[in-house]
Each structure stands twice: as structure tokens, then as C-alpha cells.
Amino acid sequence: MFMTVAPIFLVIFIGYCFGRLCPDSGHSDQLINDYVLYIALPALLFLAIVRADMSELQQWGFIGATLIGIGMVYILGTLIAKIMRIDLPQSSILSMGACYGTTGYMGIPILISVYGEPAALPAAIATILHNIPAIMAVIITYDVFSVRQSDSKISINQSLIKASRAILTNPLTVSVMAGLVFVCFHIPVPRSLQSFASFLGNAAGPTALFALGLGLSRLKVKEHINGEALKLAVPMLLLKLGIQPLVTFICAYYLFGMQQIDNVWLITAIIMAAQPIGAGVYVFANKYGFKQETISLSIIISLVIALVTIPIVLQLLSA
């Protein structure tokens with residue numbers, strides 16, 4: 001199984017090497033990331049949704065297991081942060097790191113590479129499920145608790161509207177919602193539109209992986225490795241790479257009865273839960289000015305560990 005996913009990690013490595021060899025290519029980095037986020041991945045997700053029918057979308061066990069896995073590790077992350085004397089809203093960044101993975105940039109390419117076209121639909125839905133809860137939780141938490149600390153006033157409704165706006169303007173969410181419109185209202189999709197989306201979407205996997213490698217090459221790790229940083233990173237790593245996929249599997253297999261091991265929905269739920277910490281966590285850490293160096297260190301370490309753990313999980317599932 002490692003040989004199956006080796007090309008995927010090799011593309012990440014090539015992107016990393018390119019970024020290290022061309023340190024002045026910052027504008028190119030942004031352009032590639034924008035193409036992935038705004039063009040290639042949305043095209044791929046849109047195509048995966050419009051090719052489905054309503055019965056295929058009603059995967060309540062998959063949705064439930066995924067959301068329970070996300071919610072449980074988010075809560076555990078908050079409790080661990082509390083034990084470490086990190087209060088809200090700052091603890092929400094660590095909680096996000098415990099449940100928010102590289103589902104779009106890494107999870108989708110891995111699943112489609114290994115399981116082919118049948119994995120596209122569950123991967124698309126999983127990407128949205130993993131994006132929405134964590135992002136909304138962090139935005140609302142910072143809005144509510146930051147203003148309390150500064151004696152300002154903001155209602156939960158205002159914060160919820162702000163978080164919803166951030167989600168609904170996310171190109172990945174927009175593409176899935178657009179696809180659902182076609183499916184729910186039984187609107188026929190022109191063949192030319194399908195071909196166009198397929199043409200763009202085919203570039204999503206390798207481009208996203210290359211962009212991921214580029215982003216990792218810009219993170220400065222060595223100078224931030226210290227006892228305090230590792231003290232914060234280790235709980236996030238254990239929750240993200242160990243507890244979340246385990247909880248997701250237990251819920252899917254035992255609670256929701258997804259007991260066919262070759263079920264691509266079960267496989268997708270577990271693989272998406274086992275993804276390393278996503279770069280979006282660093283974006284929020286940087287936005288709110290909390291432990292950016294520690295988050296970047298955690299992202300790098302989680303990716304290195306995932307090079308081993310994901311092939312192992314895939315092997316166990318295939319066995």
C-alpha cells in the first residue's frame with residue numbers, strides 16, 4: 001500500500017524541494033494556491049456532487065460518524081488546553097488543530113488515487129464536513145470571548161452571521177452548494193459543463209499536493225523546536241492522528257452499522273479523519289496572533305507522521 005501512495009507523497013516532496021531551491025518564488029506560491037483553492041478543487045467537488053443522485057447523498061452514518069469524530073476531539077482539545085491553563089478563546093486554535101486536516105489538499109488526492117472515481121463523492125462531502133464546524137467554532141469563540149474580555153458587546157447572532165458568511169464565501173463550500181442545486185432540483189448538467197469541470201478538476205490532485213509542499217517549505221521549523229512548543233504540539237498530534245480516526249471508525253462501524261470494510265464511505269470517513277493538521281489552522285493562528293510558530297511546527301510534524309500512519313491505515317482497511 002505504501003507504494004500506491006508513494007507518488008502522492010513524492011509530489012509533496014517535489015513541491016517542498018522547489019520551494020527550498022527557489023525561496024524568492026513567493027508570488028508563484030500564491031498563484032498556485034489560488035488556482036487550487038478557487039479553480040481546481042471547486043471544479044472537482046462540483047463534478048463529484050452533480051454526478052450523484054439524492055439517494056447517494058443520504059449517507060447519515062457517514063455524516064454522523066464524521067461529525068462525532070470532529071466534535072469529540074474538539075472538546076477534548078479544549079479540555080486539554082484548560083488543563084494546560086490555556087483559556088478561551090485561545091484554546092479554540094489548539095482544538096481546531098486537533099480536528100482540522102488537509103482534506104482538500106491531501107485527502108482527496110489520496111482517496112481518488114487509491115480508490116478511483118467512487119471515492120470522489122464521499123471525499124467531496126467529507127471535505128465540507130471537516131471545514132464547516134471547526135472554522136465556525138473558532139470564529140464564534142473569538143468573537144464572543146474576545147469582546148467579553150474587552151467589555152465590548154456582540155450578540156451570538158452577529159457572530160453566527162459572520163461565521164456563516166466566511167463559510168458560504170469559501171469556494172469549496174460554494175462549489176458543493178452549486179452541485180447540490182443541480183441534484184436537488186434535478187437540473188440536467190450540460191455535457192460541455194461536465195467536460196469543462198472534469199478538465200479543471202483533473203489538475204486538482206497533483207497541483208494541490210505540489211502547493212502543499214510549497215507551503216511546508218516556507219515554514220521555519222528548526223528554530224521553533226523547544227520543550228514548550230512540543231508540550232502544546234503533542235496533544236494536538238495525538239488527537240488528530242490517533243484519537244479522531246479511532247473515534248470515527250468506532251462510531252461508523254459500531255454505532256451506525258457501517259460494517260462493510262470495503263465500503264468506500266467508511267474508508268473515506270477514516271482516511272479523512274486521519275489527515276495531518278491542515279494549513280488553515282495556521283491561518284487562524286496568524287490572524288488571531290496565537291502560537292503561530294507552534295502551529296507551524298505541529299503541521300510539519302503531523303505531515304511527517306502521516307507519511308507512515310496513512311499507508312498503515314490504508315493497509316489495514318484493504319486487509
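Report follows, based on the coordinates. This one's a predicted model, so the numbers in the text were calculated from it and none came from an experiment.

Observations regarding the packing of aromatic side chains
- In this structure the tally under the stated criterion is eight aromatic pairs.
- Seen in terms of ring centroids, Phe249 and Tyr253 are 5.2 Å apart; in terms of plane orientation they differ by 25 degrees. Their pairing is stacked. In this pair, Phe249 and Tyr253 are both assigned in helix H12 (residues 227-255), four residues apart and thus about one turn of the helix distant.
- Between Tyr253 and Tyr254, the ring centres sit 4.9 Å apart and the planes meet at 75 degrees, which makes this aromatic pair edge-to-face.
- Through successive ring pairs, a cluster of aromatic residues spans Tyr142, Phe284 and Tyr288.

Re the nonpolar core
- Within the largest apolar cluster, 87 residues are counted, with the highest numbers of intra-cluster contacts made by Phe62, Ile93 and Met106.
- The element that contributes the greatest number of residues to this core is helix H7 (residues 120-149), accounting for 14 residues.
- In terms of nonpolar packing, the next biggest core, distinct from the first, is built from seven residues, Phe46, Val50, Ala197 and Leu200 among them.

A word on the pattern of salt bridges
- Under the definition given, this model contains three salt bridges.
- Note that Asp143 is salt-bridged to Lys162, the shortest N-O span being 3.1 Å. Taken together, the residues Asp143 in helix H7 and Lys162 in helix H8 (residues 156-168) connect sequence positions 19 residues apart.

Quick word on unusual backbone geometry
- With omega at 5 degrees, the peptide bond leading from Leu88 into Pro89 counts as cis.
- Assignment of secondary structure puts Pro89 in the loop between helix H4 (60-83) and helix H5 (91-99).
- For His186, which is not glycine, the phi dihedral falls at a positive 55 degrees.
- Not every positive phi belongs to a glycine, and Lys291 is a case in point at roughly 50 degrees.
- Residue position: Lys291 is located in the loop between helix H14 (279-288) and helix H15 (292-318).

Details of H8
- The terminal C-alpha atoms of H8 lie 18 Å apart, and with 13 residues this matches the ideal 18 Å at 1.5 Å per residue to within 8%.
- Taken together, the buried positions of H8 are Ser159, Ala163 and Ile167. When H8 is viewed along its axis, its buried side chains cluster within an angular range of 75 degrees and face the same direction. Relative to its buried face, H8 has exposed residues pointing more than 90 degrees away, namely Asn157, Arg165 and Leu168.

Let's talk about a nonpolar patch on the surface
- A grouping of Ile68, Met72, Ile75, Leu76, Leu79, Ile243, Leu255 and Phe256 is seen on the molecular surface, where their side chains present a nonpolar patch of about 660 Å² in accessible area.
- Secondary-structure elements contributing two or more residues to the nonpolar patch are H4 and H12.
- Top contributing element to the nonpolar patch by residue count: H4, with five residues.
- The class for Leu255 is exposed, based on a relative accessible area of 56%.

Brief notes about H4
- The first and last C-alpha atoms of H4 sit 34 Å apart over 24 residues, in line with the 34 Å expected at 1.5 Å per residue.
- Buried within H4 are the following residues: Gly61, Phe62, Ile63, Gly64, Ala65, Thr66, Gly69, Ile70, Val73, Tyr74, Gly77 and Ala81.
- Directly after H4, the chain includes Arg85, whose backbone phi takes a positive value near 65 degrees.

So, the environment of Pro206
- Among the structural elements, Pro206 can be located in helix H11 (residues 204-217).
- In this structure, the C-alpha to C-alpha distance between Pro206 and Glu228, residues 22 residues apart in sequence, is 35 Å.

Parameters at a glance
Residues numbered from 1 in each chain as written. Predicted model: local features only at pLDDT ≥ 70, side-chain atom pairs only at ≥ 80, totals over all residues. Heavy atoms only, no water. Phe/Tyr/Trp six-rings, centres within 6.5 Å; stacked < 30°, edge-to-face > 60°. Helix = DSSP H or I, 4+ residues; strand = E, 2+ residues; numbered from the N terminus. Core = buried A, V, L, I, M, F, W, Y, C linked by side-chain atoms within 4.5 Å. Buried < 20%, exposed > 50% of the residue type's maximum accessible area, 1.4 Å probe, protein only. Salt bridge = Lys/Arg side-chain N within 4 Å of Asp/Glu carboxyl O. Expected span 1.5 Å × (residues − 1). Arc of directions from axis to C-beta. Patch = residues over 30% accessible without salt bridge, like charges linked within 9 Å, V, L, I, M, F, W, Y side chains within 5 Å. Areas by Shrake-Rupley, 256 points an atom, 1.4 Å probe, with all protein chains shown as cover.

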